[in-house]
Amino acid sequence: MRAAIRVAGFISMMLSSSLALAEYKLDLEPGVTTFSQGAYEIHTMVMWICVAIGVVVFGAMTYAIIKHRKSKGHEAASFHDNTTLEIVWTIVPFIILGFMAVPATKVLLNMEDTSNSDMSVKITGYQWKWHYDYLGEDVSFFSNITTPDSLSLATSANVKQDETTLLDVDNRMVIPVNKKVRLLFTSNDVIHAWWVNDFGVKKDTIPGYINESWIKTDKPGVYRGQCAELCGTNHGFMPIVVEVKSEEDYLDWLAGKKAAAAEAAASAEKTWTKDELMAQGEKVYATNCGACHQASGQGIPNVFPGLVGSPIIMGDVAKHIDVIVNGVSGTAMQAFGGQLNDADIAAVVTYERNAWGNDTGDVIQPSDIKAAR
Amino acid sequence: MSAVIEEHHEEHHDHKPTGIGRWLFSTNHKDIGTMYLCFSFLMLFIGGAMALVIRAELFQPGLQFVEPEFFNQMTTLHGLIMVFGVIMPAFVGLANWMVPMMIGAPDMALPRMNNWSFWLLPGAFGILIASLVMSIMGMGSAPNFGWTFYAPLSTKYGPASTDFFIFSVHMMGISSIMGAINIIATIMNLRAPGMTYMKMPIFVWTWFITAYLLIAVMPVLAGAVTMMLTDRNFGTSFFDAAGGGDPVMFQHIFWFFGHPEVYIMILPAFGVISQIIPTFARKKIFGYSSMVYATSSIAFLSFIVWAHHMFTTGMPVTAELFFMYATMLIAVPTGVKVFNWVSTMWKGSMTFETPMLFAVAFIIMFTIGGFTGLMLAIAPADFQYHDTYFVVAHFHYVLVNGALYSIFAAVYFWLPKWTGNMYDEKLGKLHFWVSTISVNLLFFPMHFVGLAGMPRRIPDYNMQFAEFNQWATVGAFIFGFSQLILLYNIVKTVRGRRTVKATDQVWEGADGLEWTLPSPAPFHSFTTPPTVK
Amino acid sequence: MSEKPNNEKADNSRIITRLVFLVVGMFGFGFALVPLYDVFCDVTGLNGKTGEQVKSVETFRIDEQRSIKVEFLANLNEDMPWEFKPLQNSVTIHPGQPVKIDYLVRNMTAKDIIGQAIPSVSPGLAAKYLQKTECFCFTEQVLKAGEEKIMPVIFVVDPSLSADIHEMTLSYTFFVKPGTEGADRGVKVSSVSKALAN
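Residues numbered from 1 in each chain as written. Chains lettered and ligands numbered in written order. Predicted model: local features only at pLDDT ≥ 70, side-chain atom pairs only at ≥ 80, totals over all residues. Heavy atoms only, no water.

As for the overall build of chain A
So, step 1. When you go through chain A residue by residue, the secondary structure sums to 10 helices and 10 strands.
So, step 2. Scaling as 2.2 N^0.38, a compact globule of 373 residues should have a C-alpha radius of gyration of about 21 Å, whereas chain A reaches 28 Å, well beyond that.
So, step 3. Residues classed as buried in chain A amount to 55% of the 373 residues present.
So, step 4. Sequence separation of 24 or more characterises 64% of the internal contacts of chain A that already satisfy a separation of 6 or more.
So, step 5. Summed over all atoms, the accessible surface of chain A reaches about 15,300 Å², with 57% contributed by carbon and sulfur. (Helix = DSSP H or I, 4+ residues; strand = E, 2+ residues; numbered from the N terminus. Rg over C-alpha atoms; globule rule 2.2 N^0.38 Å. Buried < 20%, exposed > 50% of the residue type's maximum accessible area, 1.4 Å probe, protein only. Contact = heavy atoms within 4.5 Å. Areas by Shrake-Rupley, 256 points an atom, 1.4 Å probe, with all protein chains shown as cover.)

This is how it looks when you write it as structure tokens:
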């Protein structure tokens, strides 16, 4: 009986605590799309039906527990079946389920209708980041977590904890308001799942296959989510940030991205100074390498090799470039050849060969990378 | 009946082997049952220690104790050990002890196979735990892909230990299948004269159906891991798109096993509760035949709902609707069971000894898990719940607050029959209350963080989830350490000093053949079959 | 217990035999799920797997009333060091009208690599209505070091495609052919570094 009271206590806490714990969310949010609102409504309805059934069933049980106990001198009755009753409590749940199934079906059919979209974005899951490709626009980019220090025990304490810790990325996905944006999902390696609760969209990204969904919202803002399918070591560190902007702002952003891409292409042609390479290399390293090899270049013993004085880095440049471009078999070292441009690879190779006392003095130019590919 | 019992008394001393050989070469259903239960209890502490590592890491945002990679190994091994090493062996142990006694049989039908099926388990889990020991020693990662081991994370991207994991799963599978064959043969062949199927105790019925589920799906799991093995080592491409395979097919095959597996872990629990509630309500079980039919329909439905675990993989909408409706239907027979238990309690003459407390708590908390299960069945809402802590809360409510609670109830219920001594009722009640309060503190807040958007299987989280995670961690440590009370109570009862001798009937309302045997039950149960009217 | 009646032993072995058959049968069923799954995919369009090569696309009547936008995607799995893209992002066509589009592929390494393209169509229900007479995905593709190729796809959309569908996406993902050089990262690294060293 006290167990029942405790459960009731939890339920009442669930209802009242929104005041006490205003900053903590307890329930689904309605979100900003017809999906998330549909999911929210059906969730709320089914939850309250369950609570109602629970009150009736546990109420009857609590009554029996209080009244029909031996210590109160209650004698056991002898009945042990009742066909009418049994039929009733088989049929009534059917009817209740019907009440749930009808709206659920409606919401689901709406979700699956991806036709007549205004634009398409291809989203590719990588271990452990997202890649966004604006189809037909020639704009594509990776989106990485902004706090690579979060990824290891040694550096995690350096991370400032705030509302967006683990939920912030360097390059946000940007979409315009009131446009039906078709999302196409695929993966580069293992299965990931792209999920933003405020949109009610959660889809698996499957290597070799595509999945689709869509977003349309009239509420500009910044929406956050995380990968929702275990995808390896850093599954917990591949956040999603989507910014919904007005049409003009979106077009400005798109133009900016194109200009930046053109600039990056041009920079691959020029000859960089060592300082420029080192500055750029430090940035690239923090985003792409620091998670495993650590900002200090020390790595993690037995897990990720350190780079300070590493024979690969102190040795032949060609081998060093090869490891970065093509990865290393059977290890977490990915092939970055497809993910970074020549300038970034040149910068990071230069950085690794000159940082942390690895003073080889080597300066690697984008043209060297191009030649080595 | 009493004549039968006396005969036993004279005989059973002669047969009992002694020393380590008694356990190593045992063909006795009680000894093997005891070994299963002890093994499962040991695994509970190992798997529980892993759970505490997970909870300690999740106590506050940031990484404090383990690397993300090790965290993944913890979640994986915790899941595998709890499912295959705790819940399943514990139920097999209970079946070994109780099924022959309940149906009036001398022993299991296939005693030598029984021995083999037990002794495979320490080997299987030895391999699994060895991979973790090697990981701690820095010799490569233990399995780190979750207990559901989705391809290609477990195939192309799996650590070297995956092949050992596959071997281990094969051994567990063979063990379960042999155990199931044994239980079916026992129930079909060794029932006492007059014990028709519809007179069998519900526990025997639920195990009969569970055994068929095991035989139907464990080979499918074996097939799935065999395909993984050949994909990894022999150049096939069952789950690799590059060779014409499909990673999603892995999930279909896995969940074709996995969903019936869920019922393998809960049907025997239904059986246990259906024995305990009538005993302490001093009233016959309400709706015996509807209990049997409900169990059978749950077993049948379990084969056609598997894809509700995969709504987010991008199924055609017609398939989503089918699996959604089929899953919702499971609520009907499950509801029937809950209603029957409540009706059995209704107008009874109840007392609340420890087994009854655990059974009542089972009904309440399992029903909460059932409700969240129904919510998860609703496909559009599942897109929000899938792979969040809401799911974690759901399956822990049915597996810990459900299945594990039924095992606790069963142990307290039958321990006097096994040992001949009453357990310490005060300690039992203390164990119950500490466990029940802490287990809800542990799992209930997970609903909130899940709905608020915290994915499962992550080692670190945003600070908005911090408060409820702290509650959960506090609950986890109290729950974990409160199991030492159970351990102490069992040891005390088995040793039998300062305990009360149990009567043959043990409980005032107890009814059934097992209670006609003396306490402790003789080494061989019924050498001459009793007659059931 | 030792004096078990004989008929009971016979019963036991009969039950064991039947159950072992069931076990073996279910093990086989696990494997039978593989072809069954393909059938299931065909029927439901799961995962957007497209069908086999068809002989002719001329047989359909062109439905001038309807227009369908077909988008083209190109993906590379992580081991694949190629450049791969469609030469047009999308076409708008009438159902029944055969279309030819081209993909560009370039081997960026100094090593011959065998690739296999895996097609996928979204929405999945449209997959079996997209019929191909010519596609680089029907066979594996061998690209010599640094080689560049234009690869055509000829397809037609079956006019019986559900009227609800106005857009579809045809996606290809190139994998290194399993078991060949480059498929295993170890092989690839050593070969590429050898090439670089030369």
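Having seen it, we continue.
Here we look at the state of the cysteines
So, step 1. Taken as a whole, this structure holds 1 disulfide over all chains when the rule is applied.
So, step 2. Two residues, C:Cys135 and C:Cys137, share a disulfide whose sulfurs are 2.3 Å apart. In this structure, the disulfide formed by C:Cys135 and C:Cys137 twists by about 130° around the S-S bond and is classed as right-handed. Of the two residues, C:Cys135 and C:Cys137, both sit in the buried class.
So, step 3. The thiol sulfur of A:Cys231 is not disulfide-bonded, and the nearest other cysteine sulfur, from A:Cys227, lies at 3.9 Å.
So, step 4. On the basis of relative accessible area, A:Cys231 is assigned to the buried category, the value being 0%. (Disulfide = S-S within 2.5 Å.)

Re the pairing of strand 3 (residues 139-143) of chain A
Residues in a regular strand project their side chains so that they alternate between the two faces of the sheet.
Residue and element names in this part refer to chain A.
So, step 1. The buried fraction of strand 3 amounts to 4 of the 5 residues, a majority that puts the element mostly inside the structure.
So, step 2. Where strand 2 (residues 129-134) lies against strand 3, 5 bridges are found, and the strand directions are antiparallel. When the bridges of strand 3 are listed, Tyr 134 appears paired with Val 139.
So, step 3. From the end of strand 2 to the start of strand 3, which pair antiparallel, there are 4 residues, and Gly 136 there has a positive phi angle of about 80°. (Pairing = 2+ DSSP bridges.)

Topic: a nonpolar patch on the surface
So, step 1. A cluster of nonpolar side chains, namely A:Ile87, A:Ile91, A:Phe94, A:Ile95, A:Phe99 and B:Leu329, defines an oily patch on the protein surface of about 590 Å² accessible area.
So, step 2. For the nonpolar patch, the element with the most residues is helix 3 (residues 83-111) of chain A, which contributes 5 residues.
So, step 3. Along the polypeptide, A:Phe94 turns up in helix 3. (Patch = residues over 30% accessible without salt bridge, like charges linked within 9 Å, V, L, I, M, F, W, Y side chains within 5 Å. Salt bridge = Lys/Arg side-chain N within 4 Å of Asp/Glu carboxyl O.)

Some details on the interface of chain C and chain A
So, step 1. Listed by partner, the interface residues are 32 residues for chain C and 34 residues for chain A.
So, step 2. Between chain C and chain A, roughly 2,700 Å² of surface is buried when both sides are summed, and carbon and sulfur atoms account for 50% of that area.
So, step 3. In this structure, the salt-bridge partner of C:Glu71 is A:Arg182, at a minimum N-O distance of 2.5 Å.
So, step 4. Put simply, the parts of the chain that give the side of chain C that touches chain A at least two residues each are strand 1 (68-76), strand 5 (113-122), strand 9 (167-176) and helix 2 (185-197) of chain C.
So, step 5. Take the side of chain C that touches chain A: its biggest share by element is 7 residues, from helix 2 of chain C.
So, step 6. Class assignment of the residues belonging to the side of chain C that touches chain A gives a composition of 12 nonpolar, 12 polar and 8 charged. (Buried area = accessible area lost by both parts, 1.4 Å probe. Nonpolar A, V, L, I, M, F, W, Y, C, P; charged D, E, K, R; others polar.)

Thoughts on the interface of chain B and chain A
So, step 1. If you look at the interface, chain B gives 101 residues, while chain A gives 101 residues.
So, step 2. Regarding the contact of chain B and chain A, the summed buried area is about 9,000 Å², with carbon and sulfur atoms giving 70% of it.
So, step 3. If you sort the residues of chain B by the area they bury against chain A, B:Phe286, B:Ile364 and B:Gln384 come out on top, with a joint share of 7%.
So, step 4. Where chain B packs against chain A, one counts 1 salt bridge.
So, step 5. A:Lys70 is the partner of B:Glu508 in a salt bridge, and the nearest nitrogen-oxygen pair spans 2.7 Å.
So, step 6. Taken together, the links from chain B to chain A amount to 26 residue pairs in polar contact (both at pLDDT 80 or more).
So, step 7. For the side of chain B that touches chain A, the secondary-structure elements that each account for two or more residues are helix 4 (68-103), helix 8 (247-264), helix 11 (317-329), helix 12 (331-345), helix 13 (354-377), helix 14 (379-385), helix 16 (425-452) and helix 17 (466-495) of chain B.
So, step 8. The element contributing the most residues to the side of chain B that touches chain A is helix 12 of chain B, with 9 residues. (Polar contact = N/O pair within 3.5 Å; in protein donor to acceptor, adjacent residues only side chain to side chain.)

Overview of the packing of aromatic side chains
All names here are of chain B.
So, step 1. As enumerated under the stated definition, the model contains 81 aromatic pairs over all chains in all.
So, step 2. With centroids separated by 6.0 Å and ring planes inclined at 50°, the aromatic side chains of Phe 256 and Phe 303 adopt a geometry described as tilted. Here Phe 256, found in helix 8, pairs with Phe 303, found in the loop between helix 10 (288-301) and helix 11; they are 47 residues apart in sequence, far enough to count as distant. (Phe/Tyr/Trp six-rings, centres within 6.5 Å; stacked < 30°, edge-to-face > 60°.)

Observations concerning the environment of A:Val308
Residues and elements named next belong to chain A.
So, step 1. As for its placement among the helices and strands, Val 308 is situated in the loop between helix 6 (290-293) and helix 7 (311-314).
So, step 2. On the basis of relative accessibility, which here comes to 36%, the residue Val 308 falls in the partly exposed class.
So, step 3. Separated by 47 residues in sequence, Val 308 and Ala 355 have C-alpha atoms that sit 8.3 Å apart.
So, step 4. If sequence neighbours within four positions are ignored, Val 308 has contacts with Ser 296, Gly 297, Gln 298, Trp 356 and Asn 358.

Considering the sheet that holds strand 4 (residues 99-107) of chain C
Residue and element names in this part refer to chain C.
So, step 1. Strand order in the open sheet formed by 4 strands is 2-4-8-6, with antiparallel pairing between adjacent strands. The open sheet has two edge strands with one neighbour each: strand 2 (82-86) and strand 6 (130-134). Strand-to-strand, the axes of this sheet are offset by a mean angle of 30°, without reference to chain direction. (Axes fitted to C-alpha atoms, helices over the stretch in contact; angles between N-to-C directions.)

Concerning the sheet that holds strand 3 of chain A
All names here are of chain A.
So, step 1. Ordered in space as 3-2-1-5-8, the 5 strands form an open sheet in which the pairing is mixed. On the outer flanks of this sheet lie strand 3 and strand 8 (211-215), each paired with one strand and no other. Adjacent strand axes in the sheet meet at a mean angle of 25°, parallel and antiparallel pairs treated alike.
So, step 2. The strands that helix 4 (residues 247-269) touches are strand 1 (119-126), strand 2 and strand 3; relative to strand 3, the one it contacts most, it runs at about 85°.

Here we look at helix 7 (residues 202-233) of chain B
Residue and element names in this part refer to chain B.
So, step 1. End to end, helix 7 covers 46 Å across 32 residues, agreeing with the expected 46 Å (1.5 Å per residue, within 8%).
So, step 2. At Ile 215, helix 7 shows its strongest bend, of approximately 25°, with the proline Pro 219 following within four residues.
So, step 3. A large share of helix 7 lies buried, amounting to 28 of its 32 residues.
So, step 4. Positive backbone phi, at 75°, marks Gly 235, one or two positions downstream of helix 7. (Expected span 1.5 Å × (residues − 1). Bend = angle between axes of the 7 residues up to and from the residue.)

Focus on the pattern of salt bridges
So, step 1. This structure, assessed with the given rule, holds 24 salt bridges over all chains.
So, step 2. Of the charged contacts in the structure, one is a salt bridge between A:Arg224 and A:Asp168, with a shortest N-O distance of 3.2 Å. Residue A:Arg224 is found in strand 9 (residues 221-226), and its partner A:Asp168 is found in the loop between strand 3 and strand 4 (173-176); the two are separated by 56 residues along the sequence.
So, step 3. Across the pair A:Asp218 and A:Lys219 runs a salt bridge whose closest N-O atoms are separated by 3.6 Å.
So, step 4. Among the residues examined, A:Lys219 registers a relative accessible area of 41% and is labelled partly exposed.
So, step 5. A single network of salt bridges, built from pairs that share partners, joins A:Arg182, A:Glu212, C:Glu71 and C:Glu167.

Observations concerning the nonpolar core
Nonpolar side chains tend to gather and get buried jointly when the protein is soluble and globular.
So, step 1. Ranked by size, the top nonpolar core spans 293 residues in total, and within it A:Tyr134, A:Trp194, B:Phe84 and B:Trp414 carry the most contacts.
So, step 2. Each of domain 1 (25-73 + 80-112) and domain 2 (119-149 + 164-265) of chain A gives at least three residues to this core.
So, step 3. Residues contacting B:Trp414, with those up to four places away along its chain left out, are B:Leu94, B:Met98, B:Met102, B:Phe203, B:Val272, B:Gln275, B:Glu514 and B:Trp515.
So, step 4. C:Val70, C:Met80, C:Met168 and C:Tyr172 belong to the second-largest nonpolar core, a separate cluster that totals 34 residues. (Core = buried A, V, L, I, M, F, W, Y, C linked by side-chain atoms within 4.5 Å. Domains from an automatic or database assignment.)

Some details on the pairing of strand 1 of chain C
Residues and elements named next belong to chain C.
So, step 1. Most of strand 1 is tucked away, with 7 of its 9 residues classed as buried.
So, step 2. Judged from the 4 bridges that link them, strand 1 and strand 3 (residues 90-93) form a sheet pairing that is antiparallel. Within the sheet, the bridge partner assigned to Lys 69 lies in strand 3 and is Thr 92.

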